[in-house]
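Residues per chain are reported as follows:
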Amino acid sequence: MVVYPTPDNRIDRMNNVQVIFDGQIVDTLQQPTGDNKQVIVNIDKRGRRGTKNVTLYREVTKKDHCDSGAYPSMALCEVEIYTCTAGKWGQSCDQQCGDQCPECRDNASDCLECKEGFWGANTCANNCGQGCESGNCSFANGTCQCREPQQQHWAPPKCESCIEKYWGDNCSVTCPPNCQGPCNKTNGQCEGCREKYWGDKCENTCPTNCQGPCKKTDGQCEVTPPPTSPPPTAASPPSEKKFPMWAAALIALGILGLIALVAFLVWRKRRQAQGPAQAPEGGPNENPEGEAEGEGEMSSQAEQSAEGTEESQQASEGGEAAPAE
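What counts and how
- Residues numbered from 1 in each chain as written.
- Predicted model: local features only at pLDDT ≥ 70, side-chain atom pairs only at ≥ 80, totals over all residues.
- Heavy atoms only, no water.
- Helix = DSSP H or I, 4+ residues; strand = E, 2+ residues; numbered from the N terminus.
- Buried < 20%, exposed > 50% of the residue type's maximum accessible area, 1.4 Å probe, protein only.
- Contact = heavy atoms within 4.5 Å.
- Areas by Shrake-Rupley, 256 points an atom, 1.4 Å probe, with all protein chains shown as cover.
- Disulfide = S-S within 2.5 Å.
- Core = buried A, V, L, I, M, F, W, Y, C linked by side-chain atoms within 4.5 Å.
- Phe/Tyr/Trp six-rings, centres within 6.5 Å; stacked < 30°, edge-to-face > 60°.
- Pairing = 2+ DSSP bridges.
- Axes fitted to C-alpha atoms, helices over the stretch in contact; angles between N-to-C directions.
- Polar contact = N/O pair within 3.5 Å; in protein donor to acceptor, adjacent residues only side chain to side chain.

**Comments concerning the overall build of the protein**
Each helix and strand counted, the protein has three helices and 16 strands in total. Evaluated residue by residue, the protein yields a buried proportion of 23% over its 325 residues. For the protein, contacts bridging at least 24 residues in sequence account for 29% of all contacts bridging at least 6. For the protein, the accessible surface area stands at approximately 23,200 Å², while carbon and sulfur atoms represent 51% of it.

Next up, the structure:
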């Protein structure tokens, strides 16, 4: 912007003139000195290249008027405002904006807007999210409306990653079932695993002796289990020993001998119950001597008893006959 005062002796009326861009004071002009008859205000340096309204304002108080005779007026002749073409900046518009800046102001890194697919208030160095509808996003913060085609699951507000449980170029692939939380959008590797699983995609099972989860990288138990003694070995059953043949033979002979002894005793008992055996004529008595003596005694006692009986009978008879005489 170039300000030209009136070519008269009232140049002092351009002193302390405020330059206002869209309601904000960006500069205060001082009256030109010497042969300089113009005041140049570089809008680029004021960071207001997108300004819509320019105001020049000069205020003079009553005290200023009484002290110096100043008047609340300006000696203004002409104001010229210039701008650079897209992609240029500087007082002479000879500087190039950054690659992603179609317009910039103070320097190449002070972008006013970004090319399609980029965002960032300074250099437009950030890419809009892959899932942004039409590929565009907010110049200030990169937010956008996510695409919602079938089988795509983009996470708002920047649509640059997948919602939890999905991965792939279009967020259409389901994460492995044992993932705890999201998985990597590029390769599907899990950020964390459910308890009892480990591995890049949580495809391995933790050791059974782990007291809690194991490490995702190598499967080692996070809590070291206490040492355990080896399980006792099962006692082997006793081997079957073969019974020797000679022992079986001895047992059989013993049983036969016992049977024979019992049979003999039974036979002897029956013989004793039948009485003494009579010897054959002219032959000796087979009974033992003890049995013969016993029989002899029994015979003598029988004879004596018989004699006593006859005597008593004779005495009875004699008694009866005596009184008859």
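**Some remarks on the state of the cysteines**
Evaluation of the coordinates by the stated rule reveals twelve disulfides. Across a sulfur-sulfur distance of 1.3 Å, cysteine 101 and cysteine 111 are joined as a disulfide pair. Placement of the pair is cysteine 101 in the loop between β8 (95-96) and β9 (103-104) and cysteine 111 in strand β10 (residues 111-113), with a sequence separation of ten residues. By relative accessible area, which is 2% here, cysteine 111 ends up buried. Covalent S-S linkage joins cysteine 193 and cysteine 202, the inter-sulfur distance amounting to 1.9 Å. Taking the sign of the S-S torsion, about -90° here, the bridge from cysteine 193 to cysteine 202 comes out left-handed. Cysteine 202 carries the same exposure label as cysteine 193, and that label is buried.

**Quick look at the nonpolar core**
Core analysis: the largest hydrophobic core is formed by ten residues, namely Trp119, Cys128, Cys132, Cys137, Cys144, Cys146, Trp154, Cys159, Cys162 and Cys171. Residues Val3, Met14, Leu56 and Ala75 belong to the second largest nonpolar core, which totals nine residues.

**With respect to the packing of aromatic side chains**
Considering all chains together, one arrives at one aromatic pair under this definition. The interplanar angle of 35° and the centroid separation of 6.0 Å between the aromatic rings of phenylalanine 264 and tryptophan 267 together place this pair among those described as tilted. Here tryptophan 267 and phenylalanine 264 lie together in helix α2 (residues 245-274), a separation of three residues that amounts to about one turn. Residue classification places phenylalanine 264 among the partly exposed positions, given a relative accessible area of 42%.

**Quick notes on the sheet that holds strand β5 (residues 54-57)**
Whether parallel or antiparallel, the strands of a sheet pair through hydrogen bonds between backbone atoms. Strands sit in the order β3-β2-β5 across an open sheet of three strands; the sheet is antiparallel. For this open sheet the edge positions go to β3 (24-29) and β5, each flanked by a neighbour on one side alone. Mean inter-strand twist for the sheet, computed between neighbouring axes without regard to direction, equals 25°. Alignment of strand β2 (residues 17-21) against β3, held across five bridges, turns out to be antiparallel. Counterpart to isoleucine 20 in the pairing with β3 is isoleucine 25.

**Points about the side chain of aspartate 110**
Tracing the backbone through its elements, the reader meets aspartate 110 in the loop between β9 and β10. Residues within four places of aspartate 110 in sequence aside, it is in contact with Glu103, Cys104, Arg105, Ala121 and Asn122.

**Examining the environment of glycine 87**
Position of glycine 87 relative to the elements: it lies in the loop between β6 (76-80) and β7 (88-89). Overall, glycine 87 belongs to the buried group, its relative accessible area being 8%. With 13 residues separating them in the primary sequence, glycine 87 and glutamine 100 have C-alpha atoms 9.6 Å apart. Not counting the four nearest positions on each side in its chain, glycine 87 is found in contact with Gln95, Gln96, Cys97, Pro102 and Glu103.

**Describing unusual backbone geometry**
Proline 157 follows proline 156 through a cis peptide bond whose omega is 10°. Assignment of secondary structure puts proline 157 in the loop between β12 (126-127) and β13 (166-167). For cysteine 171, which is not a glycine, the phi torsion comes out positive at approximately 55°. If you trace the backbone, cysteine 171 turns up in the loop between β13 and β14 (173-174).

**Considering the environment of arginine 147**
Along the chain, arginine 147 turns up in the loop between β12 and β13. Spatially, the C-alpha atoms of arginine 147 and cysteine 159 are 8.1 Å apart, while their sequence positions differ by twelve residues. Those residues in contact with arginine 147, other than ones at most four positions away along the chain, are Gln130, Gly131, Cys132, Glu133, Gln152, Trp154 and Asn170. Of the polar contacts made by the side chain of arginine 147, one reaches the backbone oxygen of glutamine 130; its length is 2.6 Å.

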